[in-house]
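Chain by chain, the residues:
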Amino acid sequence: MTPDARTRTVRAWMHEATVTLLDDLARLDDEALDAPSALPDWTRRHLLAHVASNAEALRRLVGWARTGVPNAMYASPAARGADIETGSRLPAAELRGWVVSSARQLAADIEELPGPAWQHQVVTAQGRSVPASEIPWLRAREVGIHVIDLLAGSGFESLPPGMREALLLDVTTHRSALHGGPSVLLLSTDGGGPWKITGTEPEVTVSAGRADLTRWVTGRGADGLTAEGPLPELGRWL
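If you're wondering where the values come from, they're calculated on a predicted model, not measured in any experiment.

1. Structural notes on the overall build of the protein chain
Next up, step 1: Across its full length, the protein chain carries 7 helices and 6 strands.
Next up, step 2: In summary, the protein chain has a C-alpha radius of gyration of 18 Å against a globular reference of 18 Å for 238 residues, a match within 12%.
Next up, step 3: Its C-alpha atoms give the protein chain principal-axis dimensions of about 50 × 45 × 30 Å.
Next up, step 4: Here the protein chain holds 238 residues, and the buried ones make up 47% of them.
Next up, step 5: Summed over its atoms, the accessible surface of the protein chain is roughly 11,300 Å², and 54% of this surface lies on carbon and sulfur atoms.
Next up, step 6: For the protein chain, the distance from the average site of its 23 positive side-chain charges to the average site of its 29 negative ones is 4 Å.

2. Examining the side chain of serine 154
Next up, step 1: Among the secondary structure elements, serine 154 is positioned in the loop between α5 (135-149) and α6 (161-176).
Next up, step 2: On the basis of relative accessibility, which here comes to 13%, the residue serine 154 falls in the buried class.
Next up, step 3: Ignoring anything within four residues of it in the chain, the contact list for serine 154 reads Thr20, Asp24, Val147 and Ile148.

3. Brief notes about the nonpolar core
Next up, step 1: Counting residues in each nonpolar core, the largest one holds 67 residues, and the members touching the most others are Leu21, Leu48, Leu186, Val206, Leu213 and Trp216.
Next up, step 2: Take this core: its biggest share by element is 12 residues, from helix α2 (residues 44-67).
Next up, step 3: Not counting residues within four places of it along the chain, the set of residues in contact with leucine 186 comprises Thr172, Pro194, Trp195, Val206, Leu213, Trp216 and Val217.

4. A word on the sheet that holds strand β6 (residues 226-228)
Next up, step 1: What the 4 strands build is an open sheet, ordered β4-β3-β5-β6; its pairing is mixed. Each of the sheet's edge strands pairs with one partner strand only, and the pair in question is β4 (195-197) and β6. Between one strand and the next, the sheet's axes are offset by a mean angle of 20°, whatever the strand orientation.
Next up, step 2: In terms of strand pairing, strand β3 (residues 183-188) meets strand β5 (residues 203-208) through 6 bridges, oriented parallel. In the sheet register, leucine 185 faces β5, and the bridge partner there is threonine 205.
Next up, step 3: With respect to the sheet, α6 is in contact with β3 and β4, its orientation differing from that of β4 by roughly 25°.
Next up, step 4: Sitting on the sheet, helix α7 (residues 210-217) is in contact with β3, β4 and β5, with an inclination near 155° to β3.

5. As for the layout of surface pockets
Next up, step 1: Looking at the largest pocket, its volume works out to about 1,000 Å³.
Next up, step 2: In this structure, the largest pocket is lined by 38 residues; those nearest its centre are Gln126, Arg128, Leu138, Arg141 and Trp237.
Next up, step 3: Split into classes, the residues belonging to the lining of the largest pocket amount to 20 nonpolar, 10 polar and 8 charged.
Next up, step 4: Of the voids in this model, the second largest pocket is the one considered here, and its volume is about 230 Å³.
Next up, step 5: Together, 13 residues line the second largest pocket, and Met14, His15, Thr18, Ala103 and Ala107 are the ones closest to its centre.
Next up, step 6: For the lining of the second largest pocket, the secondary-structure elements that each account for two or more residues are α1 (3-27) and α4 (92-112).

6. Brief notes about the packing of aromatic side chains
Next up, step 1: All chains considered together, the criterion is met by 1 aromatic pair.
Next up, step 2: It is arginine 80 that lies over the ring of tyrosine 74; its NZ or CZ is 5.6 Å from the centre.

7. Thoughts on α5
Next up, step 1: In this model, α5 (15 residues) spans 21 Å end to end at C-alpha, consistent with the 21 Å of a helix rising 1.5 Å per residue.
Next up, step 2: When you tally the buried positions in α5, you get 15 out of 15 residues, the bulk of the element.
Next up, step 3: Leucine 151, located one to two residues past α5, shows a positive phi value of around 60°.

Analysis parameters
- Residues numbered from 1 in each chain as written.
- Predicted model: local features only at pLDDT ≥ 70, side-chain atom pairs only at ≥ 80, totals over all residues.
- Heavy atoms only, no water.
- Helix = DSSP H or I, 4+ residues; strand = E, 2+ residues; numbered from the N terminus.
- Rg over C-alpha atoms; globule rule 2.2 N^0.38 Å.
- Buried < 20%, exposed > 50% of the residue type's maximum accessible area, 1.4 Å probe, protein only.
- Areas by Shrake-Rupley, 256 points an atom, 1.4 Å probe, with all protein chains shown as cover.
- Lys, Arg positive; Asp, Glu negative; His and termini not counted.
- Charge placed at Lys NZ, Arg CZ, Asp CG, Glu CD.
- Contact = heavy atoms within 4.5 Å.
- Core = buried A, V, L, I, M, F, W, Y, C linked by side-chain atoms within 4.5 Å.
- Pairing = 2+ DSSP bridges.
- Axes fitted to C-alpha atoms, helices over the stretch in contact; angles between N-to-C directions.
- 1 Å grid on protein atoms, 1.4 Å probe; cavity = no way out; pocket = protein on both sides within 12 Å on 5 of 7 lines; lining within 4 Å.
- Points joined across faces, edges and corners; volume = space filled by probe spheres on them.
- Nonpolar A, V, L, I, M, F, W, Y, C, P; charged D, E, K, R; others polar.
- Phe/Tyr/Trp six-rings, centres within 6.5 Å; stacked < 30°, edge-to-face > 60°.
- Lys NZ or Arg CZ within 6 Å of the ring centre and 35° of its normal.
- Expected span 1.5 Å × (residues − 1).

What follows is the structure in structure tokens.
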């Protein structure tokens, strides 16, 4: 896939994930927002505030790429946490509006970013230096996974097949870079792959469909897996 084709594809994933998020959110009444999400200690309100805050943080990176003036995603981890906690306490209508408006503003900023700016280096919240062309992927994976954590009906099987494969590559690359832990060979029963987590422990082969493999490598359950050996425990990713 050429860079231009990949950019178009990833932006389409970002748009599709956002539409799914807003559709799922619209199906929840205000009382349902107080229910737990799939993330420990977070209600759906916390999760939605996180997604909205993430859009604003990525807008800062787009601004950095456009102007050349450094602008961190978050002032600090503590400030990030405080924004989420404050946002989770907003009246339901305001919280819903924040999710919608922040997503739309980010999409507009990305649409208007001039061509040369896409190669400008920016720094993620994890301290990685990446070209601005990675911003749509950062958003697509954030929304694509967290809409599943919202527990409003979407699952990993709802993701576009190509996005599941991109997630599998991204997560296995990240886990391999930790230089420790389990070694896993991931075999897909419905095409694509294989993918590998390189670790220091004996290798285990895990087979499943791409949706189930993606769920497992992101630390969200082991349903549908077949393992040749003890199934390693993977912590939550993202």
